[in-house]
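Residues per chain, in single letters:
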Amino acid sequence: MHCAIPLYRFLPDNNEINIKNLEQIAKLKEDENISFGRYLKGQDSEKVDEIVHRLYKEIAPQIDCLNCGNCCLNLRPIATDKVLSAFVEPKNIEDFKYLMSFPCKNLDGKKCTIYSERPEECKEYPYMHRDKYVERTHEIRQNYEICPIVFNVFEH
Ligand code: SF4
Ligand code: SF4
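Conventions and cut-offs
- Residues numbered from 1 in each chain as written.
- Chains lettered and ligands numbered in written order.
- Predicted model: local features only at pLDDT ≥ 70, side-chain atom pairs only at ≥ 80, totals over all residues.
- Helix = DSSP H or I, 4+ residues; strand = E, 2+ residues; numbered from the N terminus.
- Buried ≥ 20, exposed ≤ 12 C-beta atoms within 10 Å, placed from the backbone.
- Contact = placed C-beta atoms within 7 Å.
- Axes fitted to C-alpha atoms, helices over the stretch in contact; angles between N-to-C directions.
- Parallel < 35°, antiparallel > 145°, perpendicular 65-115°, else oblique.
- Left-handed = near helix turned anticlockwise from the far one by under 90°.
- Nonpolar A, V, L, I, M, F, W, Y, C, P; charged D, E, K, R; others polar.
- Near = placed C-beta within 6 Å.

A.B. asks: Break down the overall build of the protein chain for me, citing the residues and quoting the values.
C.D. replies: From N to C terminus, the protein chain includes eight helices and two strands. Secondary structure of the protein chain in N-to-C order comes out as α-α-α-α-α-β-β-α-α-α. Counting the 156 residues in the protein chain, one finds 21% classified as buried. A separation of at least 24 residues holds for 74% of the contacts in the protein chain among residues at least 6 apart in sequence.

Okay, structure coming up:
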């Protein structure tokens, strides 16, 4: 994608990880990104997924989630009662709907205090391994300003 910001380059070894920059760039590039999302919808979905999955594999290991935590700070993970019941007593599910808390009450600084037992939705975020990227451009644009992985995959 063309970038409107001077000196801002998107190279595999030059990922943007500053959350404040992500927010700023998302504002500046809102129209461009909406247009790009529309353009993607007209492309071959499988080919786009191939590219996105490859970029995700390249970029995700370069970004340290443990030093970020921005998704936990800004998003409510969506989990069903079924998912919750895997680690919460059924009688406590309603009380334990930390999923309703914002930010998540299991977040301590930038770290998840229940990391090994976190819900599937948390494990799967930012969903870049999933298919049908071209049908999820709205969701991806929302995550673009929150998650450096999403941002850098989108920009590459
Ligand atoms: S459960 Fe853990 S990984 Fe999930 S949102 Fe809360 S702090 Fe983040
Ligand atoms: S998934 Fe994205 S937003 Fe969440 S901690 Fe990792 S890099 Fe940050």
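A.B. asks: Would you mind going over the packing of helix α3 (residues 45–59) against helix α8 (residues 148–155) in detail, with residue names and values included?
C.D. replies: Remark: α3 packs on α8, axes separated minimally by 9 Å, with the N-to-C direction vectors making an angle of 130°. Comparing their axes, α8 and α3 come out oblique. Along this stretch, α3 crosses α8, giving a crossing that reads as right-handed. Contact residues: α3 offers V52, L55, Y56 and I59, while α8 offers I149, N152 and V153. Counted by class, the contact of α3 with α8 contains six nonpolar, one polar and no charged residues.

A.B. asks: Which residues make up the site of ligand 2, and what values do they have?
C.D. replies: Around ligand 2 sit I63, C65, C68, G69, N70, C71, Y125, P126, I146, C147, P148 and I149, and those are all the residues in its vicinity. Only α4 (70–74) and α8 provide two or more residues apiece to the shell around ligand 2. Taken together, the residues of the shell around ligand 2 break down into 10 nonpolar, two polar and no charged.

A.B. asks: Any chance you could break down the packing of helix α7 (residues 137–144) against α8 for me, citing the residues and the numbers?
C.D. replies: Orientation of α7 relative to α8, taken along the N-to-C sense of each, is 120°, at an axis distance of 8 Å. Judged by the angle between their axes, α7 and α8 are oblique. Handedness of the crossing formed by α7 with α8: left-handed. Each of I140, N143 and Y144 in α7 lies in contact with α8, whose residues at this interface are V150, F151 and F154. Residues of the contact of α7 with α8, tallied by class, amount to five nonpolar, one polar and no charged.

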